[in-house]
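# What the coordinates show
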There are 4 protein chains.
Amino acid sequence: MNCPFSSKPRWARRKEARPQELLAAALDIFVERGFAATRLGDVATRAGVSKGTLYLYFENKEELFKAVVRENMLPILDEAEDIIDSYGGSSADLFRELILGWWERIGATKVAGITKLMMAESGNFPELATFYREEVSARGDAMIVRMLERGVERGEFRAIDVRQTANVVIAPVIMLMMWQQAFNPCHAEPLDSASYLESFIDLCLNGLQMPPHPAPA
Amino acid sequence: MNCPFSSKPRWARRKEARPQELLAAALDIFVERGFAATRLGDVATRAGVSKGTLYLYFENKEELFKAVVRENMLPILDEAEDIIDSYGGSSADLFRELILGWWERIGATKVAGITKLMMAESGNFPELATFYREEVSARGDAMIVRMLERGVERGEFRAIDVRQTANVVIAPVIMLMMWQQAFNPCHAEPLDSASYLESFIDLCLNGLQMPPHPAPA
Amino acid sequence: MNCPFSSKPRWARRKEARPQELLAAALDIFVERGFAATRLGDVATRAGVSKGTLYLYFENKEELFKAVVRENMLPILDEAEDIIDSYGGSSADLFRELILGWWERIGATKVAGITKLMMAESGNFPELATFYREEVSARGDAMIVRMLERGVERGEFRAIDVRQTANVVIAPVIMLMMWQQAFNPCHAEPLDSASYLESFIDLCLNGLQMPPHPAPA
Amino acid sequence: MNCPFSSKPRWARRKEARPQELLAAALDIFVERGFAATRLGDVATRAGVSKGTLYLYFENKEELFKAVVRENMLPILDEAEDIIDSYGGSSADLFRELILGWWERIGATKVAGITKLMMAESGNFPELATFYREEVSARGDAMIVRMLERGVERGEFRAIDVRQTANVVIAPVIMLMMWQQAFNPCHAEPLDSASYLESFIDLCLNGLQMPPHPAPA
DNA sequence: GATGAATGAGCGTTCATTCAT
DNA sequence: TATGAATGAACGCTCATTCAT
């Protein structure tokens with residue numbers, strides 16, 4: 001009440017933290033099981049509340065999922081866009097930066113599971129698909145495109161079909177995320193992601209670099 | 001009876017065709033909806049039979065799914081292995097052959113949906129995961145590894161980490177399959193798969209080719 | 001074909017034996033599982049025929065069951081009635097004879113399972129209940145009543161309520177049958193039926209014998 | 001709120017009563033139809049709730065059945081054991097007491113149907129069989145054994161095979177229960193249980209009593 | 001006579017969502 | 001704000017019975 005160190009009583013702090021706790025629990029379970037297979041009862045249990053409480057904060061399962069995506073992915077996209085906007089180094093370095101940054105912030109974390117989940121289940125939940133495409137995929141794609149265009153414009157990368165190459169470049173990163181999810185049960189042994197990314201970046205930068213100039217006569 | 005060209009009554013022909021009809025219907029719906037979301041009632045309806053009839057041919061949902069995989073994927077793997085065994089041309093051409101063949105026989109067809117489905121749901125159905133890994137993934141991986149090793153041994157590709165590169169190389173193909181599935185709802189516009197594959201093969205072969213020899217003094 | 005020792009070709013013998021084979025298989029499975037839990041498919045399989053064939057010989061599950069009862073129980077009741085009709089010895093011996101005969105012919109065999117089954121499921125299948133009561137239970141009861149009446153009339157048993165005592169006397173025999181069925185799972189260890197029957201007969205004959213005459217003054 | 005006599009809202013009273021209502025409905029229907037033939041939908045309907053509600057209180061059909069047994073039989077066994085422990089009268093009277101008590105508390109009530117059901121279906125549901133044997137049958141048997149041993153030790157009963165006699169003595173009581181169930185459809189007319197028990201006790205005590213001493217010379 | 005493919009009603013169980021408290 | 005009891009529609013699977021061959 002009159003606690004000198006905090007203007008808020010503990011229960012109020014609790015109340016404000018609720019949505020975060022719910023989102024954390026939901027992320028865990030959505031990622032473990034997928035969207036359809038997640039039982040809201042499990043989310044509530046893990047968050048230490050009752051099932052009904054979930055509905056005080058989120059209208060339904062889909063809205064809960066959207067909130068999880070917003071909470072966990074949008075801030076990272078914001079930061080990545082900032083990096084591109086202000087980058088000063090070579091485009092090869094920017095490539096590295098973006099890929100490894102993505103990996104560190106998303107690919108190597110639980111959040112990667114959301115991407116996997118969306119690839120898998122968007123067909124059954126069209127509203128989620130639209131939401132995810134507009135708020136996440138489109139922004140990610142655009143960033144890769146901008147980075148490749150920058151390389152071509154600056155004469156660092158050879159002339160390529162930027163759009164398609166962006167897709168090709170994104171693919172192995174997404175696949176790595178999928179394979180990493182829970183020692184992906186379709187792969188016998190877990191991938192070593194560091195060396196996978198090294199192979200990937202190596203292959204790409206080799207593939208993108210300008211062809212050797214023909215020796216002048 | 002009095003049909004001069006067939007000694008079999010219509011009914012018997014029907015009976016022999018049943019499993020194929022059921023597998024075709026099952027493939028459609030598994031691919032449309034995923035494993036968990038597929039209702040056996042829908043499969044039966046699409047095949048034009050009753051729910052009970054399914055159980056005359058397949059013990060349960062998992063066995064039905066395995067049969068779909070066996071029917072649609074194993075013959076293609078057999079053929080691809082034959083091609084590698086007997087290939088005479090350059091490794092770059094073999095690379096093209098395998099990728100484009102895979103695309104034509106699987107990626108561009110409904111069957112691609114099985115791969116997507118497995119990535120998505122293997123975590124929830126461990127027995128299916130094991131089955132798929134052993135009978136499909138492991139064989140596909142091994143083929144790519146053999147192709148890359150062949151290129152390195154013959155001095156056509158530079159020295160690379162064959163295992164990891166195989167993973168990197170497989171990834172964009174799998175991603176393309178996933179994106180193609182039903183105008184994948186995470187992508188606004190469908191990819192042009194021909195040009196995607198061209199970009200992909202181009203990038204890879206550029207990335208794999210031997211570095212230019214330094215000009216002799 | 002022209003076998004000199006049999007005027008019937010083998011397949012004709014087969015055809016005539018069919019119903020017996022079906023009844024034997026049905027007895028086995030009805031006794032193992034009960035009426036409701038018996039699947040006609042299992043009966044057919046055990047008899048080595050198809051499910052449809054069953055319906056050539058028996059109208060439905062209930063009629064099959066009735067045929068099993070008629071085949072296995074009625075002849076034994078016939079014989080027991082003959083014995084009572086013509087018995088010459090003491091009533092205590094007749095008591096023994098009936099009980100042990102029943103045990104030997106029914107109690108110790110698979111047929112005992114039918115009695116157990118009827119006790120259990122008659123409530124759910126009223127038509128079977130009526131059939132069994134009229135064709136089996138009523139005749140068995142009547143035999144015990146006659147035997148007791150004979151003992152009382154001949155001054156070998158004390159004066160008792162014959163009807164009720166008949167019920168009391170039948171009960172332990174029926175229970176023994178039920179306990180014997182498949183090492184009845186409600187009993188840890190199988191009963192030793194010989195000593196059980198000995199205890200039972202001993203108890204009954206002791207209980208039935210004339211009270212000792214008061215010593216005359 | 002403003003009800004002066006009860007601090008509990010109707011709803012809360014409801015909630016606490018639920019399990020009892022469900023158990024009562026389940027007892028009714030299990031006894032009417034048997035275990036396998038009982039449809040949980042019917043249980044729910046009789047209790048006035050939806051099918052799903054059942055699963056809030058009982059994990060599945062088997063657990064529901066076990067709960068019915070615990071609720072209805074265990075307390076009675078407890079009391080009966082107390083009686084034996086502290087009994088002061090003759091063993092013949094204790095015999096009467098136990099038999100009539102059992103009859104009054106179980107045999108004459110719906111609960112008797114559970115015993116019938118177990119005899120009938122234990123073969124098809126081994127887990128239930130084990131449960132029932134351990135928690136009910138074994139304790140009942142042990143009580144009869146103790147009562148007979150007491151009679152023999154005190155010189156009230158003649159020397160008998162206590163274990164087998166216990167089985168023989170239990171049998172007519174169990175049979176009576178089975179016959180009583182719903183005017184048991186295998187018996188034309190309902191038994192008069194009072195006179196049946198009288199005949200039974202009479203027969204047993206006559207059969208157990210010490211033989212008359214031979215007249216001393 | 002014999003087959004066995006086909007049916008379809010039925011049951012145990014699950015879970016997102018609601019709402020009285 | 002928080003609860004958790006209640007719902008009811010949905011789905012995988014079974015099996016007695018039918019009937020074209």
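What you are looking at is a predicted structure, and each value in this text was computed from that prediction instead of being measured.

## Quick notes on the protein's contact with DNA strand E
- In the region of DNA strand E, 35 residues are neighbours, and Arg18(B), Tyr57(B), Thr53(C), Tyr57(C) and Arg39(D) sit closest.
- Restricting the count to atoms of DNA strand E within 4 Å of the protein gives a sugar and phosphate share of 69%.
- The side chain of Lys51(B) places a nitrogen or oxygen atom 3.2 Å from a base oxygen of DNA strand E.
- One of the side-chain nitrogen or oxygen atoms of Tyr57(C) is found 2.4 Å away from a phosphate oxygen of DNA strand E.
- Elements with a minimum of two residues in the surface near DNA strand E: α3 (51-57) of chain A, α1 (10-33) and α3 (51-57) of chain B, α1 (10-33) and α3 (51-57) of chain C together with α3 (51-57) of chain D.

## A word on the interface of chain D and chain C
- With 45 residues of chain D at the interface, the matching set in chain C holds 45 residues.
- Inspection of the region where chain D meets chain C yields 2 salt bridges.
- The partner of Asp202(D) in a salt bridge is Arg158(C), and the shortest N-O contact between them spans 3.0 Å.
- If you look at where chain D meets chain C, you find 8 residue pairs in polar contact (both at pLDDT 80 or more).

## Examining helix α8 (residues 162-180) of chain C
Residues and elements named next belong to chain C.
- With 19 residues, α8 extends 28 Å from end C-alpha to end C-alpha; this agrees with the ideal 27 Å at 1.5 Å per step.
- Taken across its 19 residues, α8 has 17 buried, putting it largely inside the fold.
- For α8, the N-terminal capping position is held by Asp161, with its side-chain oxygen 3.2 Å away from the main-chain nitrogen of Arg163.

## Focus on the packing of aromatic side chains
- Tallying each qualifying case throughout the model produces 20 aromatic pairs over all chains.
- Judged by centre distance (6.1 Å) and plane angle (40°), the ring pair of Phe95(D) and Phe200(D) falls under tilted. With Phe95(D) in helix α5 (residues 91-107) and Phe200(D) in helix α9 (residues 193-208), this residue pair connects regions lying 105 residues apart in the sequence.
- Looking at Phe95(D), the relative accessible area reads 0%, which means it is buried.
- Grouped by ring-pair contacts, the aromatic residues Phe30(A), Phe35(A), Phe65(A) and Phe125(A) constitute a single cluster.
- Sitting over the ring of Phe35(B), Lys61(B) keeps its end group 5.0 Å from the ring centre.

## Let's talk about the packing of helix α6 (residues 112-121) of chain A against helix α7 (residues 126-153) of chain A
Residue and element names in this part refer to chain A.
- Two elements in contact, α6 and α7, have axes separated by 10 Å at closest approach and are oriented at 130°. The pairing of α6 with α7 is recorded here as oblique in orientation. The chirality of how α6 crosses α7 is left-handed. Residues Ile114, Thr115 and Met118 of α6 form the contact with α7, whose participating residues are Leu128, Ala129 and Tyr132.

## Considerations on the protein's contact with DNA strand F
- Residues in close proximity to DNA strand F total 35 residues, the closest being Thr53(A), Tyr57(A), Arg39(B), Lys51(B) and Arg18(D).
- Within 4 Å of the protein, the contacting atoms of DNA strand F are drawn from sugar and phosphate to the extent of 71%.
- Gly52(A) is positioned with one of its backbone polar atoms (N or O) 3.3 Å from a base nitrogen of DNA strand F.
- The separation between a phosphate oxygen of DNA strand F and a polar main-chain atom of Thr38(C) is 2.8 Å.
- Of all the elements in the fold, those that place two or more residues in the surface near DNA strand F are α1 (10-33) and α3 of chain A, α3 of chain B, α3 of chain C together with α1 (10-33) and α3 of chain D.
- Taken together, the residues of the surface near DNA strand F sort by class into 13 nonpolar, 10 polar and 12 charged.

## Let's talk about helix α4 (residues 61-86) of chain A
Residue and element names in this part refer to chain A.
- Along its 26 residues, α4 runs 38 Å from first to last C-alpha, staying within 8% of the 38 Å computed at 1.5 Å per residue.
- Maximal helix bending in α4 amounts to about 35°, located at Met73; proline Pro75 follows within four positions.
- Near the N-terminus of α4, the side chain that reaches the backbone nitrogen of Glu62, with its oxygen 3.1 Å away, is that of Asn60.

## Quick word on the relation of the copies chain D and chain C
- Laying chain D over chain C is done by rotating through 179° and shifting 0.1 Å along the axis; what remains is an RMSD of 0.2 Å. Here the transformation between the copies is reduced to the relation of a two-fold axis.
- Taken as a fraction of all interface residues of chain D, those also at the interface in chain C reach 100%, which identifies the copy contact as same-surface.

## A word on the relation of the copies chain A and chain B
- For the pair chain A and chain B, the relating rotation is 179°, the translation along its axis is 0.1 Å, and the fit reaches an RMSD of 0.2 Å.
- When the interface residues of chain A are mapped onto chain B, 100% of them are again interface residues, pointing to one common binding face.

## Some words on the UniProt feature "DNA-binding region" (unreviewed entry) in chain A
- UniProt annotation of "DNA-binding region" (unreviewed entry) refers to residues 39-58 of chain A when read in the numbering used here.
- Annotation note: span residues 39-58 of chain A, helix share 75%, strand share 0%, distance between end C-alpha atoms 15 Å.

The rules we used
Residues numbered from 1 in each chain as written. Chains lettered and ligands numbered in written order. Predicted model: local features only at pLDDT ≥ 70, side-chain atom pairs only at ≥ 80, totals over all residues. Heavy atoms only, no water. Near = heavy atom within 4 Å. Polar contact = N/O pair within 3.5 Å; in protein donor to acceptor, adjacent residues only side chain to side chain. Helix = DSSP H or I, 4+ residues; strand = E, 2+ residues; numbered from the N terminus. Contact = heavy atoms within 4.5 Å. Salt bridge = Lys/Arg side-chain N within 4 Å of Asp/Glu carboxyl O. Expected span 1.5 Å × (residues − 1). Buried < 20%, exposed > 50% of the residue type's maximum accessible area, 1.4 Å probe, protein only. Phe/Tyr/Trp six-rings, centres within 6.5 Å; stacked < 30°, edge-to-face > 60°. Lys NZ or Arg CZ within 6 Å of the ring centre and 35° of its normal. Axes fitted to C-alpha atoms, helices over the stretch in contact; angles between N-to-C directions. Parallel < 35°, antiparallel > 145°, perpendicular 65-115°, else oblique. Left-handed = near helix turned anticlockwise from the far one by under 90°. Nonpolar A, V, L, I, M, F, W, Y, C, P; charged D, E, K, R; others polar. Bend = angle between axes of the 7 residues up to and from the residue. Least-squares fit on C-alpha atoms with pLDDT ≥ 70 in both. UniProt positions renumbered as here; feature names shortened; annotations may be inferred.

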